[in-house]
Each structure stands twice: as structure tokens, then as C-alpha cells.
Amino acid sequence: MKTAINDIKVCILSSVHNALDTRIFYKEAKTLAGAGYNVTLIAQYEKVEYVDGIKIIPLKKHKSRFQRITVGIYTLFVLAIKEGADIYHLHDPELVFTGLALKLMGKKVVYDIHELVYFQIEDKYWLKNKVVKFLCKKTYLVLEKVSFKFFDKLILAEDGYEDYYKQVRNWRRYNIVRNVPIISFIDSVNPAVGYARQKPIIIYAGVLSELRGTKDLIKSMEFIKGNAELWLLGRWEAESFKKKCESLEGWEHTKYLGVVSLHNVYRYMKGASIGVATLYPVKNYLTSLPVKTFEYMTCKLPMVISNFPYWEEIFKKCALFVNPEDPEDIADKLNYLLGNRHLMKELGENGRRLIENKYSWEMEITKLLKLYKEIEI
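Here's a quick rundown of the structure. (Residues numbered from 1 in each chain as written. Predicted model: local features only at pLDDT ≥ 70, side-chain atom pairs only at ≥ 80, totals over all residues. Heavy atoms only, no water.)

1. Here we look at the packing of aromatic side chains
Put simply, the test is: Between 30 and 60 degrees the pair is tilted, below 30 it is stacked and above 60 it is edge-to-face, where a pair is any two Phe, Tyr or Trp rings, Trp via its six-membered ring, whose centres lie within 6.5 Å. Between buried and exposed lies partly exposed: a residue is buried under 20% and exposed over 50% of the maximum accessible area for its type, with that area taken using a 1.4 Å probe on protein chains only.
The final tally for this structure, using the stated rule, is 15 aromatic pairs. Taking the centre distance of 5.1 Å and the plane angle of 90° together, the rings of F25 and Y26 count as edge-to-face. On the basis of relative accessibility, which here comes to 22%, the residue Y26 falls in the partly exposed class. With a centroid separation of 5.7 Å and 80° between ring planes, the pair formed by W231 and Y268 is classed as edge-to-face.

2. Details of the sheet that holds strand β6 (residues 108-113)
The test is simple: One bridge is not enough; two strands pair if DSSP finds at least two bridges between them. Put simply, DSSP marks the helices as runs of H or I at least four residues long and the strands as runs of E at least two long, and each gets a number from the N terminus on. Contact between two residues is taken to exist if any of their heavy atoms lie within 4.5 Å; hydrogens are not considered. Every axis corresponds to a line fitted to the C-alpha atoms, with the helix fit spanning only the stretch in contact, and the corresponding angles, defined between N-to-C directions, vary from 0 to 180 degrees.
Read across the open sheet, the eight strands follow the order β3-β4-β2-β1-β5-β6-β7-β8; overall the sheet is mixed. Two strands bound the open sheet, and with one partner strand each, they are β3 (49-51) and β8 (175-176). Seen against the sheet, helix α1 (residues 22-34) touches β1 (9-18), β2 (38-44), β3, β4 (54-59), β5 (87-90), β6 and β7 (153-156) and runs at an angle of roughly 175° to β1.

3. Points about the pairing of β6
To be explicit about the condition: A right-handed crossover is one whose linking path, passing over the helix from the first strand to the second, runs clockwise when the strands point away from the viewer.
The buried fraction of β6 amounts to five of the six residues, a majority that puts the element mostly inside the structure. When β5 meets β6, the two strands line up parallel, connected through four bridges. The residue of β6 that forms the bridge with I87 is K108. Assessed by its sense of winding, the connection that carries the chain from β5 through helix α3 (residues 96-104) to β6 is right-handed.

4. Side note on the sheet that holds strand β11 (residues 254-256)
Sheet architecture is open: six strands sit in the order β11-β10-β9-β12-β13-β14, paired in parallel fashion. Pairing within the sheet leaves two strands with one partner each, and these edge strands are β11 and β14 (319-322). Each strand axis lies, on average, 25° off the axis of its neighbour in the sheet, ignoring direction. Both strand β13 (residues 303-306) and β14 contribute to a ladder of four bridges, which runs parallel.

5. A look at the packing of helix α2 (residues 65-83) against α3
Stated precisely, the cut-off is as follows: Orientation labels follow simple angle bins: below 35 degrees gives roughly parallel, above 145 gives roughly antiparallel, 65 to 115 gives roughly perpendicular, and whatever is left gives oblique. By convention the crossing between two helices is left-handed if the near helix lies anticlockwise of the far one by an angle smaller than a right angle, and right-handed if it lies clockwise. Each residue is assigned to one of three groups, with Ala, Val, Leu, Ile, Met, Phe, Trp, Tyr, Cys and Pro labelled nonpolar, Asp, Glu, Lys and Arg labelled charged, and all others, Gly among them, labelled polar.
Viewed as axis vectors pointing N to C, α2 and α3 meet at an angle of 30°, and their least axial separation amounts to 11 Å. Taken as axis vectors, α2 and α3 run roughly parallel relative to one another. Once α2 is placed against α3, the crossing between them reads as right-handed. Between α2 and α3, the contacting residues are I73, L76, F77 and I81 on the first element and T98, A101 and L102 on the second. Residue composition of the contact of α2 with α3, grouped by class: six nonpolar, one polar and no charged.

6. What to know about the environment of P324
One can find P324 in the loop between β14 and α14 (327-338). Leave out the neighbours within four places in its chain, and P324 touches D216, T278, L279, Y280, P281, S306, N307 and I330.

7. Let's talk about the pairing of strand β12 (residues 274-277)
Here β12 shows a buried face lined by I274 and V276 and a second buried face lined by G275 and A277. Relative to β12, strand β9 (residues 201-205) is paired through two bridges, and the arrangement is parallel. The residue of β12 that forms the bridge with I202 is I274. Relative to β13, β12 runs parallel, the two being bridged by three bridges. The residue of β13 that forms the bridge with G275 is M303.

8. Notes on unusual backbone geometry
Phi at K225 takes a positive value of approximately 55°, unusual for a residue other than glycine. Position of K225 among the secondary structure elements: in the loop between α8 (214-224) and β10 (229-233). Although it is not a glycine, K300 adopts a positive phi angle of roughly 65°. One can find K300 in the loop between α12 (291-298) and β13.

9. Quick word on the environment of Y140
Tracing the sequence through the fold places Y140 in helix α5 (residues 130-147). On the basis of relative accessible area, Y140 is assigned to the buried category, the value being 7%. Taking C-alpha positions, Y140 is 28 Å from A29, a pair spaced 111 residues apart along the chain.

10. Section: the environment of H114
Within the element layout of this structure, H114 appears in the loop between β6 and α4 (117-122). Separated by 174 residues in sequence, H114 and S288 have C-alpha atoms that sit 9.8 Å apart. Setting aside residues up to four positions removed in sequence, H114 forms contacts with H17, R23, I24, H91, A157 and Y161.

And the structure:
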């Protein structure tokens, strides 16, 4: 006989993300709590607190990666065991051993795959030694092969990951629960009013890094010649990279708005004119679908994004495509859009229709709840 949903305790774990991460908290935790599950979340946060019926247990943010994957993960494991949950939902590759330990204790484990980690390792700027990088990739492949077969459910956050797991890993045992926007949440937010819009606004929201095209995007503003302003939201990958960007000529036409709440991210998006996502063509990005693109589309923003074949197929009616490593090409497409208001409106409306018809969290809710109901407690 199955246990009633309101008697099932779910503990969501992340050693990397903030507790109020969009996918972890606003989408999955709130969906599960809304369905009647008793949900606890252990992640980086300031204090023990109940938010929207979800108990948040804080995990200290460590200064170094080594501290995070040693002291941090040990602390997280101890806190997780104290919760005595029925199902543990993991969100980070570094928690794979934690998941195996929980399985040995008879717990149910769900592992949520946000990235193609094998390819992501190749792009880690802090892994400079090629031999170390090669060994990390091979170690991860072995770990993935051995550990994943023991987990009760595997979740892929994007459709584009499916080819890797089918063709490279030859696996079929997974569920796709896409990381797409919550339409009702975005629609409830009003545009930002604190900034005088004397000129069009180009917006990027996300991690600010070399591989995500931040530097070339700022350089492109040199060729916009003051006809628009670039707004950047998110954390810098490194302080040294931030200083490089601040020294660029295009920084004069750039406004950095910092790390802001999800509510404010959408306020700024709704106050903008064009959304951009000019990620570099590295393997981990070529078949990924950044959630920011879907958020722009929900806000009816036309987009200028990287010319990856996969993106060109998905977003062909919603965006213009550029070489992300060519600031002049980026500027040319931005200038073309800025001079064609009819096209901007058409691309924005096409994007919103695509969200409503295919890419909303409202459509993913049933997938997540079905997956959880299939776990025998």
C-alpha cells in the first residue's frame, strides 16, 4: 500500500546553489509542497526559515571549492540524515557520493541533471592542467556509469541532454522535466520604473563570464555608439574578469545592476527592449537551452543570440543570430533590430506564443508530480 503524499517527507539538497534558486525553490520545491509533500530544502542561505511552507536549512557558503566539497558536503550530509526524509532530491554532481550513501541507508534518491557535466569539465577555467582535466573527465564518466544505476529517478533539465544520454551513455532510464519559466509568476511582475528610459535597453541576465560572451557583448556596445544601453544582471565568474570588462570602451554604455532577486530580474526584463544570450560555441552550450532565453520570450522581448544550429532551429521565429565571438556582428544585429520596431514586435510576440504553447513550467508540473508518484515509499 502506498504512503499518502502528505505523509512523505522530501529533502532537497544543493551544496552549490542558493536556497532560492529558480529551478530548485520556485519550480520544484514549491510544486512538491503545493501537491502536499512535506518539503525541506538544505542549501546556501542565511538562517533556518519557512518560506511558502518549505523549511529551509542553511548551509554555509565556503570561500574555496575545496572547503565546499569537503567540510560543506559533510555538513550537508549530517543535516540531511537528521531530517530523516523518505526521498532525497540532489542537484549537484559533487553530491553523487552523498546520493550513494543515502541509498545504502535505504533512502529513495532523485538526481537532477542541470548540465552535461562531462563537457562542462572541459570548460572550467580554473582547471588549467590538461592532464588533471583529462583525469577529471574520465573519473566523472566512471562515477556516472556506476552511480546512476542505483538512483531511483534521473531528471534531465533540458531536451538537448537526451542525445548524450541515449547515444553516448546508451541509457533510457530518465525523465525530462525542463527548466522553463513560470508564466504566472512572470506575468505578475510589473516593469522596473526606477530608471529613466531615454534610450533602448539591451539586457543580459545570468553568470558573467568569458565563455558566456560577456566581454564581446560589452565590446559590441562600442559600435552601438550610444544608441542603446546594456544592462547586466548576475554574478561575475571572477573579479579579475570583471576588471577587464570595466576597462573596455563599451563599458561607458553598460550598467551593471548586480545580483538581484528573481522578482527584480523580471522587472528589469520587462523594462528592456532586447534580450541577449551570446554564449560561446563550447560543447556544453551547443545543445543547451538557457532559461534566460525563455524568460526573455515570456516578457515578449526579441532576442539576439548565438548562431548555434540547435538554437537556430528552436528560436528561428523569435531571434536574430550572431557569431558570439564577433562584437561587430553582434552590434550589426542589435542595430538592425533597434531600427526595425515592427520586427522587434513580431519576434517578441512569436516568442511569447512559443512559451504559451510549449515551454512553460505550468506544462512541466505534471511530469514532476508523475515522477514522484512512481517512487514507491
